[in-house]
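For reference, the chains in residue letters:
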Amino acid sequence: MQTEESMKRVGVLALQGAFSEHIQHLEKCVADNGYEVKIVTVRTPEELSQCDALVLPGGESTSMSLIAQRTGMFPHLRKFVHDPSKAVWGTCAGLIYISQELANERELVQPLELLKVRVRRNAFGRQAQSFVQNCNFSEFIPGCHDFPAVFIRAPVIEHIFDADAVKPLFTLESGLIVAASQGDNILATSFHPELAENDSRFHDWFLRQFVLK
Ligand SMILES: NC(=O)CC[C@H](N)C(=O)O
């Protein structure tokens, strides 16, 4: 049994958005599987500095960006996510925030310029166009044929700047890329696995594939 200090620490950025839902899923995965991982909330540079991985939740990328600027977290976040030894997962607004470029509604968002893509915000329209789609992720999550992917005012990956670095993981029938990885340490999803009721398979895969590897 590892001591708490020696365990891997997965931080969930808690400046804004659905961070508590991520924490609940991650803690369930740890409890169910006995992973020697500690899940922590991140609001300060000190908390961030102790993490091996960071999950950036859904919410509003404009708010996330403004709060990071006003709290002085931006430079610390930028340095952290660009460290190749760290695992990073951006979901929805978090995907927007880690991207290199925004196709639209750029005002007020200063992205972390990690993921080598251009994203389009609100690509499916407004809240009323939000939807849940059962997706077959079994090509990259073995056995996961029917995951309830929740899309809420979701972005899409509109363009990949570096096809050698960025690997699309899932594309909708419409041809829109909604999940991708970059190298072996960066994951991006347009949808919200944290909002999938009682289904932590995506979080479990993130821990196994990106954190515990
Ligand atoms: N559910 C979400 O995270 C929505 C993202 C939001 N529409 C944005 O552009 O930042």
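Residues numbered from 1 in each chain as written. Predicted model: local features only at pLDDT ≥ 70, side-chain atom pairs only at ≥ 80, totals over all residues. Heavy atoms only, no water.

A short note on the site of the ligand
Formally: For this purpose, a residue is taken to be near a molecule or strand whenever a single non-hydrogen atom of the residue falls within 4 Å of it. A 3.5 Å cut-off defines polar contacts: any pair of N or O atoms within that distance qualifies, except that in protein one atom must be a possible hydrogen donor and the other a possible acceptor, and neighbouring residues in sequence count only when both atoms are side-chain atoms. As a working rule, the residues Ala, Val, Leu, Ile, Met, Phe, Trp, Tyr, Cys and Pro are called nonpolar, Asp, Glu, Lys and Arg charged, and the rest polar, with Gly in that last group.
Near the ligand the following residues occur: G58, G59, E60, S61, C92, A93, I96, R121, N122, I152, R153 and H192. E60 places a side-chain nitrogen or oxygen 3.5 Å from an oxygen atom of the ligand. Within the backbone of A93, a nitrogen or oxygen atom sits 3.1 Å from an oxygen atom of the ligand. In the shell around the ligand, the residues fall into four nonpolar, five polar and three charged.

Quick look at the pattern of salt bridges
Under the convention used in this document: Any Lys or Arg side-chain nitrogen found within 4 Å of a carboxyl oxygen on Asp or Glu counts as a salt bridge.
By the definition in use, this model includes eleven salt bridges. One continuous salt-bridge network, built from bridges that share partners, spans E101, R118, R120 and E158.

Concerning helix α1 (residues 19-33)
Quick reminder of the rule: Put simply, DSSP H or I for four residues or longer makes a helix, DSSP E for two residues or longer makes a strand, and each gets a number counted from the N terminus. How far a helix is expected to stretch is found by multiplying one less than its residue total by 1.5 Å. Classification of residues uses two cut-offs on accessible area relative to the type maximum, computed with a 1.4 Å probe and protein chains only: under 20% is buried, over 50% is exposed, and between them is partly exposed. Any two residues whose heavy atoms approach within 4.5 Å are treated as being in contact.
The end-to-end C-alpha distance of α1, which contains 15 residues, comes to 21 Å, matching closely the 21 Å that a straight helix rising 1.5 Å per residue would cover. Those residues of α1 that fall on the buried side of the exposure criterion are F19, H22, I23, H25, L26, C29 and V30. Where α1 is buried, its residues touch β1 (8-13), β2 (37-42), β3 (53-56), β4 (87-91) and α6 (201-211). One or two steps after α1, the chain reaches G34, where phi turns positive at roughly 65°.

Examining the nonpolar core
The criterion, for reference: Only buried residues count toward a nonpolar core, which is a set of Ala, Val, Leu, Ile, Met, Phe, Trp, Tyr and Cys residues joined through side-chain atoms within 4.5 Å.
Counting 40 residues, the largest nonpolar core has V10, F137, F202, F206 and L207 as the members making the most contacts within it. Among the elements that take part in this core, α6 stands out by supplying six residues, more than any other. Aside from chain neighbours lying at most four places away, what touches F206 is V10, L26, V55, V88, W89, L187 and V211. Counting 36 residues, the second largest nonpolar core, distinct from the first, contains C51, L56, I98 and L112.

Notes on the UniProt feature "active site" (unreviewed entry) in the protein chain
Our working definition: UniProt positions are given in the numbering used here, feature names are shortened, and annotations may be inferred rather than shown by experiment. Throughout, the protein atoms alone are placed on a 1 Å grid, and a set of points is a cavity if a 1.4 Å probe fits but cannot get out or a pocket if it is open with protein on both sides within 12 Å along at least five of seven lines; lining residues have an atom within 4 Å of a point.
Sites flagged by UniProt as "active site" (unreviewed entry) map to C92, H192 and E194. The annotated residues occupy 103 residues of the chain but converge on a single region, no pair of C-alpha atoms lying more than 10.6 Å apart. Looking only at the residues we just named, the largest pocket is lined by C92 and H192. The residue C92 is located in the loop between β4 and α5 (93-98) in this model. In this structure C92 comes out as buried when scored by relative accessible area, which is 3%.

A closer look at the layout of surface pockets
One way to see where empty space is left: roll a probe the size of a water molecule over the atoms. Put simply, the test is: Grid points are joined across faces, edges and corners, and a volume is the space filled by probe spheres set on the points.
Space inside the largest pocket adds up to approximately 200 Å³. What lines the largest pocket is a set of 17 residues, and nearest its centre among them are G59, E60, N122, I152 and R153. The residue inventory of the lining of the largest pocket, partitioned by class, reads six nonpolar, six polar and five charged. The volume enclosed by the second largest pocket comes to roughly 150 Å³. Lining the second largest pocket we find P45, L48, S49, H76, K79, F80, D83 and K86. Residue assignment for the lining of the second largest pocket shows that the elements contributing at least two residues are α2 (45-49) and α4 (74-81). Counted by class, the lining of the second largest pocket contains three nonpolar, two polar and three charged residues.

Some words on the packing of aromatic side chains
In this description, an aromatic ring pair is defined by two values, namely the gap between the centres and the angle between the planes. Rule in force here: Between rings of Phe, Tyr and Trp, where Trp is taken as its six-membered ring, a pair exists when centres lie within 6.5 Å; planes separated by under 30 degrees are stacked, by over 60 edge-to-face, and by other angles tilted.
Going through the model one piece at a time under the given rule, you end up with 18 aromatic pairs. Ring centres of F206 and F210 lie 5.7 Å apart, and the angle between their planes is 25°; on these two criteria the pair is classed as stacked. Pair noted here: F206 and F210 are both in helix α6, with a separation of four residues, about one helical turn. Note on accessibility: F206 and F210 belong to one class, buried.

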